[in-house]
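# Close look at the chain arrangement
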Amino acid sequence: MSTFAVIARREIRLALRNRSALITAFIFSIWFPVMSALGIAAGAEGDAAAVTAGITTITLPVAVFLGYLFCADAFLREKRDGTIETLLCAPVSLQRLWEGKAAGVTVPAYVMMLLSAAVSVAAISGLTGVSIAAEPLLILHFVAVVPIWIGASAGLIGAAQLALGMRENQILGFVFIFGFIFLIVLFQQIVPAESGISAATEAVLAAVGLALLALARFIAGKVTKERIVRTIP
Amino acid sequence: MGVNAVEVRGLSRSFDGRDILRDVSFTVGHGEIFGYLGPNGAGKTTTIRILLGLLAPGAGEVRVLGRDLAADDDARARVGVLFENNGLADRMSAAGNLAYYAGLYGVEDPAERIDELLALVDLADRRDDPVGTFSTGMKRKLGIARAILHRPEVVFFDEPSSGLDPGAQRMVRDLIVELSRREEMTVFLNSHHLDEVQRICSTVAILAEGRIRAFDSVANLTRASGRPAVTLSLAGPGDRACEVVGNLPYVTECDADGDHLRCTLADPGATPDLVAALVGAGFRIEEVRRSSRSLEEIYLEHVGQAEGGA
């Protein structure tokens, strides 16, 4: 098994044993879509296309938040406990370590996001009576765009958590979340979505997600072991 | 193997304008148990971090197994390390933690090796329990197993006895000696437990105020450092004995404690003359021992000098 898979698998296992993160993720995955469904149901007025667009809109903030939530365990805890120092002595590059951890965070966050999407669909369908069809763009959104955004979120936050001290990390946690959400809203305003999910919107969101993922990889490549060790509390 | 296991030449490093290490040089031979001593903040952990490639040297050169670990993944696979935090995930089982590192280091037959090590550190019956439920001593034992899982040629222990009760300290000490013998490893022991170092290390370096103050074998340091001394057990109180021998030209210091007399000599060959002088004065002598100074005395002397000169 490659070191990437070894690291990713361990992070998935740790996430599944992190009761507090799972409970928080579960509550957020239920609460956020239910609250959003009320707004979508009121605005869509029974229009199936608008309902679908509403669902895709709320999934990305959920995805970003879940990526952030599981990052705290994979990157920040490792640094706070000092165990990252032992990992840095292993015959694994820092880049590979970051990739494995980001991938390991993405999996549980994605599973929780799917749960959240299912709750959204059920809540909106229940409130509006509109049945949501599994159209190809919607499937593409959940299969490609959402995991890319979770990966980008986890990767960027993880790289920052490795590079920054504890106090800066607290501040930047909030900045990242609101920054991501702002970006999502911004792009959905810029791209003409008309009255439903569109290929253009999905293409732009996927492109931005990939760009953020590449940015995260670039930043992670610039972080040095010295920087990490010197910011261990 | 022509090169030393660890080589440090002219190493200096400063943080935020403060010199932490200044022209530090020493070597550790293959198979040695090397003790790196110094007070808190002396720069011991910084040295280890530089050797492991976690920090860059400011000046000088470091090599482990002839390689620079900062730039060499293959060389890092031949080195083990135990920091104070043990490097374990509390939510994973003992076996799960070891399996993770076995995967990172590419250990062959990991299941067999994990079973072997868990048995060695007496944790076989706890293999599937989360590490978070372990005592500090058990975590340290598991941390040692993790550090040597991949059969490293050199292993760094950073304060392995820190935070342990005396029983656990002894257990860890015995384990390090046993493992170094059994696995034929070079051990770099970073510690300020002087008794521990004196018991298990063959060579030591004393670091204070960022400089190496002494570097030699424990035997040489305790024997050669300072002046020769003898301890005599008398058949009776020794208070008056100091009055008798205190004026002898070859006795520079005399302390009596009950029926024990400790004399520091200007000449190491003067012991028979000292015994003769005491017998001549009517003292009966039960035992004569050449006393060497403890590592603690030597350490305190060097650290005290460094602090006095700083």
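Residues numbered from 1 in each chain as written. Chains lettered and ligands numbered in written order. Predicted model: local features only at pLDDT ≥ 70, side-chain atom pairs only at ≥ 80, totals over all residues. Heavy atoms only, no water.

### Some remarks on the interface of chain B and chain A
- Across the boundary between the two partners, chain B contributes 27 residues, which contact 25 residues of chain A.
- Of the charged contacts, one joins Arg-230 of chain A and Asp-16 of chain B as a salt bridge, the two residues approaching to 3.7 Å between their closest N and O atoms.
- Connecting chain B to chain A are ten residue pairs in polar contact (both at pLDDT 80 or more).
- Within the residue set of the side of chain B that touches chain A, elements represented by two or more residues are strand S1 (6-15), helix H2 (73-76) and helix H3 (94-105) of chain B.
- Looking at which element gives the most residues to the side of chain B that touches chain A, the answer is H3 of chain B, with five residues.
- For the side of chain B that touches chain A, a count of residues per class yields 15 nonpolar, five polar and seven charged. (Contact = heavy atoms within 4.5 Å. Salt bridge = Lys/Arg side-chain N within 4 Å of Asp/Glu carboxyl O. Polar contact = N/O pair within 3.5 Å; in protein donor to acceptor, adjacent residues only side chain to side chain. Helix = DSSP H or I, 4+ residues; strand = E, 2+ residues; numbered from the N terminus. Nonpolar A, V, L, I, M, F, W, Y, C, P; charged D, E, K, R; others polar.)

### Description of the nonpolar core
- Of all hydrophobic cores here, the largest spans 150 residues; its most connected members are Val-6, Phe-26, Leu-52, Leu-104, Leu-142, Phe-156 and Phe-188 of chain B.
- With 14 residues, the single largest contributor to this core is helix H6 (residues 136-163) of chain A.
- Apart from residues no more than four positions distant in its own chain, Leu-104 of chain B is found in contact with Thr-3, Val-6, Ile-7, Leu-87, Ala-90, Pro-91 and Val-92 of chain A.
- Counting 17 residues, the second-largest nonpolar core is a separate cluster that includes Leu-234, Val-251, Cys-263 and Ala-270 of chain B. (Core = buried A, V, L, I, M, F, W, Y, C linked by side-chain atoms within 4.5 Å. Buried < 20%, exposed > 50% of the residue type's maximum accessible area, 1.4 Å probe, protein only.)

### A look at the domain arrangement of chain B
- Domain annotation for chain B reports domain 1 (6-223) and domain 2 (227-292).
- One C-alpha centre belongs to domain 1 of chain B, the other to domain 2 of chain B, and the line joining them spans 43 Å. (Domains from an automatic or database assignment.)

### Quick look at the packing of helix H1 (residues 3-16) of chain A against helix H3 (residues 48-80) of chain A
Residue and element names in this part refer to chain A.
- At a closest axis distance of 10 Å, the pairing of H1 and H3 adopts a crossing angle of 110°. In terms of orientation, H1 and H3 fall into the roughly perpendicular class. Relative to H3, the crossing made by H1 is right-handed. In contact with Arg-10, Glu-11, Leu-14 and Ala-15 of H1, H3 contributes Phe-70, Asp-73, Ala-74, Arg-77 and Glu-78.
- When the residues that make up the contact of H1 with H3 are grouped by side-chain class, the tally is four nonpolar, no polar and five charged. (Axes fitted to C-alpha atoms, helices over the stretch in contact; angles between N-to-C directions. Parallel < 35°, antiparallel > 145°, perpendicular 65-115°, else oblique. Left-handed = near helix turned anticlockwise from the far one by under 90°.)

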